[in-house]
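# Structure at a glance
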Amino acid sequence: MAAEYILEMKNITKRYGENKVLSDVSLKIRPGEIHALLGENGAGKSTLMNVLFGMPVIHATGGFEGEVLIDGQSTTIASPHDAMLKGIGMVHQEFMLLPGFTITENIKLNREITHPSLLSRVFGKNLETLDMAAMSQDARRALDSVGMSIDEYTLVKGLPVGYMQFVEIAREIDKTGVKLLVFDEPTAVLTESEAAQLLRVMKSIAQKGIAIIFITHRLDEVIEAADGVTILRDGKFVCETRTADTTVTQLAELMIGRKGESAFVTADPREFPEDTPVALKIRHLAVDMPGEQVKDVSLDIREGEIFGIGGLAGQGKVGIPNGIMGVYDSEGDVELFGEPVRLNDAHAALKSGMAMVSEDRRGVGLLLDESIEDNIVFNAMQVSGEFTKSLLGAKLKDSRKIREHANEMIRELDIRCFGAVQHTGTLSGGNQQKVCIARALTMNPKLIFVSEPTRGIDIGAKKLVLETLVKLNREKGMTVVMVSSELMELRSICDRIAIVAEGEVVDILPVNSSDADFGLAMSGIKPGSASGKEA
Amino acid sequence: MVKKNWREFARNNVVTIMFIVVCAVCMMFSGYTPSYVMYELFGRLSRNAFIVLALIIPIVAGMGINFAITIGAMAAQIACILVLEWGLQGFGSFLAAAALTVPMAALFGFGIGKILNKMKGQEMIGGMILGYFANGLYQLLCLFIFDNIIPINNPNLTIKGSSGIANTIDLSKAGGMGGTLEKLWQLPVSQAVLVFALVIAAGLVIGHVRSHRKDAKKLGIQLGALAIVCVLMQLPVMKNLFSMVKVPMATFGIVALLCLFNVVLMRTRLGQQFRAVGQNRTVANAAGINVDKVRIIAITISTVLAGWGQLIFVQNLGAFQTYGAADQVGLYAGAAILVGGASVVRATNTQALLGTVLFHLMFILAPAAGKNLFGDAAIGEYFRVFMCYGVIALALVMHAWSSIAPKKKHHKATDKA
Ligand SMILES: Nc1ncnc2c1ncn2[C@@H]1O[C@H](COP(=O)(O)OP(=O)(O)OP(=O)(O)O)[C@@H](O)[C@H]1O
Ligand SMILES: [Mg+2]
């Protein structure tokens, strides 16, 4: 007899040292159901999934309390491999693909199809020869079922991120006997159309009887795709409902635990007179950032403005701040308050009074093995020598001042942590993002770039981040350049929005332009010019 | 773009190009005739190619150059000593030593693998230090344990008037294994090429018959190329060039088998695991591959192969220095593979063979060139030692450089491709 639930996690409690990050959490998944797992940053969603997969971090930190049942049978899951054997697959938040392998090789990794050979007769099964033809057939089938037409012999290296996400999914559904798939924030890196495709794929997988646990911060996706929802708050189970019985607003309230607060920030757009001094003057900027090439961008950003840069993923909007801040090779002329900025020199860029919150927080954003406070003051200390005191001519860290400042930042940005000395590597994804923002603010920049500032953070935190940006802008006169894929977010606080396509600025639009105008601009057509593409 | 591609190519193959230039210059000043150089080169190739090929698997498995192959070499030398002590003779004693090397080298390799798994990311320096440490144990074994604790009855093996194993082990006395592998079957180059071509052609045809995708055009081109090489080798010019060379068919046959083994292995499930672990341990682990085990297997295979390589080397020379022969093995083999264009993360058979050729060409030519240019052979000698360390240092720096400085460059290269 089939059990009613394919997976039940009962009364799970998990401590990391002193800290209880999950207490008495339960989760029940029916076969073929798409079940959303919601909660603020640090609520414990990833940790719960780590428990489910028997991840080494869990065992290394003292295991957990509670019971896991698969198909009604109580089980212990010793390792991710064990989870796989029991029919649980994971589409990872960071990509688990080998760049030097083809798509086929990645999909069939460690599940290769082989036939016996001379060597294997002597040395055993491990030396059987790979049957590439059969492997690529399987890969083809899996790719087709996620709607990807790409050649299965393509190398993964150089694939756009969206494609990699789909390859990961193809790999999971190719596994025989999968009963349950976990998607941890799969849509965070996808463009809107890719995200829509992903939801379609998820539904078709679910129709085949495979259950899906879906972690996301985008509540509209939940309403659209999920059948059931479980909400966590501060490591505690809040409730479980059917999506049909609820709304986005209700979900938001349940997650945050407060009522009646609007999840949206709005700052009225302002008109700046023509003679406002220019804060950042960009002329013919070209940036060699893989996947986000900038070809020729010229912009004038006015002092005191909140300037938005939007566009589809891969069109080059993210390349602009990365080029100016010296993260990737760039060419062109950039002036900050009339002073030329030396390109290809990250130190000079920081020193000149600009700061950036990077979209790539794990790559260049954070020192994961260092504490929150050290991360927050790192740039300020390196670049302008703040937070140091002199002792006999040597510069020493001023620990007291650092701690005070870090605590202030933790409070202001609501960084959910166990204290300023916690390593950033052990923070939840969204809270890492907040540490990045705190570090940029600590530089006291005259101009701040924020690149995808709200990616992967929950609605409450999103509001906080946007509010902080507005506050800094209005109270301290800081010029803000915000790069984002989410038009809603740009429109809520910016004064003007530039839309980038194919490495060039298509147009600069006022915030209240129509959706149609934005849509046209994103596809490279300057609104109002019937002749089409000529920006 | 063509120009850019050339520059890219040159940058990726600095070491190889530099070596070709150095060899060409040395050739001009050495005063050696080409046929003498060929004679020397073939001799050195038959001695050294095998051990260089033994480095490939650990590189593919992401463990860098396995400097611990010195330990495999020690296993082979211990096997030689034991075989002599037991009074085995001729080619049989070579086979016995080869068989004896396997369990010893495998055991050592397993131990090395265990230790290197504790120091992931530092395998190269770790392997080197392990080599030094093992050298100490080896000396203890040869100087003290043999002859004092384990009696050695063959008087030729021990130090006269004292205890311990003698400094030089002679393998070329009557009935010794020295040169027995070479003497099995020797042919002039023109005929040797025919034999190898025949075997390769047979292999290709069989492969063609058994494969699903019957690519007749490709087969035709391959067979045609083989035929052309065979014909060319029959020309008088070529015959002249190789007039002094007698190809030891068995030795080169074994080298060819090892190349084949490397290729076939990479097409097996285990080979796929090597490559996966080499690219990214985390991803491999997430796919359920037992990363530590795969790494141990890689090092074990490499160590056993290195043992056989050293055995081929010493039987070819007909003697070895008990306390020095293994010391530089890792260094020289490592330098050779790097010269061929391999890096600490990528290596192929072709690179190993090309590297062995270039590296030993320089070994042959540098002293003579040094003597003719500066009147002192020692200069050439310094030069080749300098080059050897230089190559390794350069390869390591370039690796470090390409892994910090960005993946950007990498992406550029792929974009252009
Ligand atoms: N290895 C670890 N050691 C100590 N604490 C940890 C560790 N991993 C996570 N935590 C803590 O556990 C809590 C829950 O983190 P988790 O990653 O599960 O959050 P999340 O719900 O996935 O958030 P997000 O939406 O931001 O990804 C956080 O407070 C985090 O700091
Ligand atoms: Mg998470």
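For clarity, every value in this text was computed on a predicted model and none was experimentally measured.

Below, the discussion takes up the overall build of chain A. Scanning chain A from N- to C-terminus turns up 19 helices and 24 strands. By the compact-globule yardstick of 24 Å for 535 residues, chain A fits well, its C-alpha radius of gyration being 25 Å. By its C-alpha atoms, chain A is 75 × 60 × 55 Å across when sized along the principal axes. Looking at chain A as a whole, 54% of its 535 residues qualify as buried. In chain A, the proportion of contacts linking residues at least 24 apart, taken out of those at least 6 apart, comes to 67%.

Moving on to the overall build of chain B. Along its length, chain B carries 19 helices and four strands. In terms of C-alpha radius of gyration, chain B reaches 22 Å, essentially the compact-globule figure of 22 Å for 417 residues. The C-alpha extent of chain B, read off along each of the three principal axes, is 70 × 60 × 55 Å. By the burial criterion, 48% of the 417 residues in chain B qualify as buried. Contacts spanning at least 24 positions in sequence make up 77% of the contacts within chain B whose residues lie at least 6 apart. Split by element, the accessible area of chain B, about 20,000 Å² in all, is 68% carbon and sulfur.

Taken residue by residue, the interface counts 26 residues in chain A and 25 residues in chain B. Both faces combined, the contact of chain A with chain B buries some 2,600 Å², and carbon together with sulfur accounts for 59% of it. Where chain A touches chain B, the interface holds two salt bridges. Put simply, Glu105 of chain A and Arg275 of chain B hold a salt bridge, and the shortest N to O gap is 2.3 Å. Along the contact surface separating chain A from chain B lie ten residue pairs in polar contact (both at pLDDT 80 or more). A class-by-class count of the residues in the side of chain A that touches chain B yields twelve nonpolar, seven polar and seven charged.

Residues and elements named next belong to chain A. Taken together, 18 residues surround ligand 1, and among them Asn41, Lys45, Ser46, Thr47 and Gly430 come closest. Within the contact set of ligand 1, an oxygen atom lies 2.8 Å away from a backbone nitrogen or oxygen of Lys45. Thr47 places a polar side-chain atom, nitrogen or oxygen, 2.5 Å from an oxygen atom of ligand 1. Notes on ligand 1: free accessible area 650 Å², of which the protein chains cover 87%. The set of elements that each furnish at least two residues to the shell around ligand 1 consists of α1 (45–53) and α16 (429–442). Ranked by the residues each element gives to the shell around ligand 1, the list is headed by α1, at three residues.

Moving on: the domain arrangement of chain A. Residue and element names in this part refer to chain A. The domain architecture assigned to chain A consists of domain 1 (7–246) and domain 2 (290–522). In this structure, domain 1 and domain 2 have C-alpha centres spaced 32 Å apart. Contact residues are listed per partner, giving 15 residues for domain 1 and 15 residues for domain 2. Across the interface of domain 1 and domain 2, roughly 1,200 Å² is buried in total on both sides, 51% from carbon and sulfur atoms. Taken as a group, Glu40, Asn41 and His217 account for 40% of the area that domain 1 buries against domain 2, more than any other trio of residues on that side.

It is worth spelling out the packing of helix α14 (residues 372–384) of chain A against α16 of chain A at this point. Residue and element names in this part refer to chain A. Interaxial distance between α14 and α16 falls to 7 Å at its minimum, and their mutual angle equals 35°. Here the hand of the crossing between α14 and α16 comes out right-handed. Counting all contacts with α14, which are made through Ile372, Asn375, Ile376, Val377, Asn379 and Ala380, the residues of α16 involved are Val435, Ala438, Arg439 and Thr442. The residue inventory of the contact of α14 with α16, partitioned by class, reads six nonpolar, three polar and one charged.

Counting residues in each nonpolar core, the largest one holds 132 residues, and the members touching the most others are Phe19, Phe146, Phe274 and Ile337 of chain B. Per element, the largest residue contribution to this core is 13 residues, and it comes from helix α5 (residues 69–85) of chain B. Apart from the residues lying within four places of it in its own chain, the contact partners of Phe146 of chain B are Ile78, Ile81, Leu82, Leu141, Ile152, Gly164 and Ile165 of chain B. Ranked by size, the runner-up nonpolar core spans 83 residues in total, among them Phe387, Met409, Val435 and Val465 of chain A.

Before going further, it helps to spend a moment on the environment of Asp71 of chain A. All names here are of chain A. In this structure, Asp71 sits in the loop between β4 (65–70) and β5 (73–75). Once the C-alpha coordinates of Asp71 and His59 are considered, the two residues, twelve residues apart in sequence, prove to be 23 Å apart. Apart from residues no more than four positions distant in its own chain, Asp71 is found in contact with Ala3, Tyr5, Ile6 and Lys179. A distance of 3.2 Å separates polar atoms of two side chains, one belonging to Asp71 and the other to Lys179.

With that settled, consider the confidence of the model for chain A. On average, chain A scores 86 in pLDDT, and the residues at 70 or more come to 95%. In the predicted structure, residues 530–535 of chain A sits below a pLDDT of 50 and forms eight contacts with residues beyond four places in sequence or in another chain.

Once that is clear, we can look at the pattern of salt bridges. This model, assessed by the stated rule, comprises 39 salt bridges over all chains. Linking Arg140 of chain A and Glu152 of chain A is a salt bridge whose minimum nitrogen-to-oxygen distance equals 2.8 Å. In this pair, Arg140 of chain A is assigned in helix α6 (residues 132–145) and Glu152 of chain A in the loop between α6 and α7 (161–174), connecting sequence segments twelve residues apart. A salt bridge links Lys120 of chain B to Asp292 of chain B, with the nearest nitrogen and oxygen atoms 2.9 Å apart. Taken together, the residues span a long stretch of sequence, with Lys120 of chain B in the loop between α6 (90–118) and α7 (123–149) and Asp292 of chain B in helix α15 (residues 291–317) at a distance of 172 residues.

Moving on, we get to a nonpolar patch on the surface. Residue and element names in this part refer to chain B. A contiguous nonpolar patch, built from Trp6, Phe9, Ile17, Val21, Val25, Met28, Phe29, Leu373, Phe374 and Ile379 and spanning about 1,000 Å² of accessible area, is present on the exposed surface. Secondary structure elements with two or more residues in the nonpolar patch: α1 (2–12), α2 (14–30) and α17 (349–374). Here the element with the most residues in the nonpolar patch is α2; it accounts for five residues. Along the chain, the position of Val21 falls in helix α2. Given a relative accessible area of 48%, Val21 falls into the partly exposed group.

This part covers empty space enclosed by the protein. Residues and elements named next belong to chain A. Taken as a whole, this structure holds one cavity of 30 Å³ or more when the rule is applied. Considering only enclosed or pocket space, the largest cavity measures out at about 40 Å³ in volume. Forming the boundary of the largest cavity are Ile6, Leu7, Ile70, Lys86, Gly87, Ile88, Lys179 and Leu180. Classifying every residue of the lining of the largest cavity gives five nonpolar, one polar and two charged.

Residues and elements named next belong to chain A. Burial within strand β9 (residues 180–184) is extensive, with five of its five residues counted as buried. What you see with β9 is no split at all: Leu180, Val182 and Asp184 on one side and Leu181 and Phe183 on the other are buried throughout. Pairing geometry for strand β6 (residues 88–91) and β9, over four bridges, is parallel. Within the sheet, the bridge partner assigned to Gly89 lies in β9 and is Leu181. Where β9 and strand β10 (residues 211–215) come together, five bridges link them in parallel fashion. Within β10, the position partnered with Phe183 by the bridge is Phe214.

Residue and element names in this part refer to chain A. Here Asn344, not a glycine, exhibits a phi torsion of approximately 60°, which is positive. For Asn344, the position within the fold is in the loop between β17 (339–340) and α12 (346–351). A positive phi is found at Asn444, a non-glycine position, where the angle reads about 50°. Mapped onto the fold, Asn444 is located in the loop between α16 and β21 (447–451). Note on Asn444: relative accessible area 51%, which makes it exposed.

What counts, and where the lines are drawn
- Residues numbered from 1 in each chain as written.
- Chains lettered and ligands numbered in written order.
- Predicted model: local features only at pLDDT ≥ 70, side-chain atom pairs only at ≥ 80, totals over all residues.
- Heavy atoms only, no water.
- Helix = DSSP H or I, 4+ residues; strand = E, 2+ residues; numbered from the N terminus.
- Rg over C-alpha atoms; globule rule 2.2 N^0.38 Å.
- Buried < 20%, exposed > 50% of the residue type's maximum accessible area, 1.4 Å probe, protein only.
- Contact = heavy atoms within 4.5 Å.
- Areas by Shrake-Rupley, 256 points an atom, 1.4 Å probe, with all protein chains shown as cover.
- Buried area = accessible area lost by both parts, 1.4 Å probe.
- Salt bridge = Lys/Arg side-chain N within 4 Å of Asp/Glu carboxyl O.
- Polar contact = N/O pair within 3.5 Å; in protein donor to acceptor, adjacent residues only side chain to side chain.
- Nonpolar A, V, L, I, M, F, W, Y, C, P; charged D, E, K, R; others polar.
- Near = heavy atom within 4 Å.
- Domains from an automatic or database assignment.
- Axes fitted to C-alpha atoms, helices over the stretch in contact; angles between N-to-C directions.
- Left-handed = near helix turned anticlockwise from the far one by under 90°.
- Core = buried A, V, L, I, M, F, W, Y, C linked by side-chain atoms within 4.5 Å.
- pLDDT = per-residue confidence, 0-100.
- Patch = residues over 30% accessible without salt bridge, like charges linked within 9 Å, V, L, I, M, F, W, Y side chains within 5 Å.
- 1 Å grid on protein atoms, 1.4 Å probe; cavity = no way out; pocket = protein on both sides within 12 Å on 5 of 7 lines; lining within 4 Å.
- Points joined across faces, edges and corners; volume = space filled by probe spheres on them.
- Pairing = 2+ DSSP bridges.

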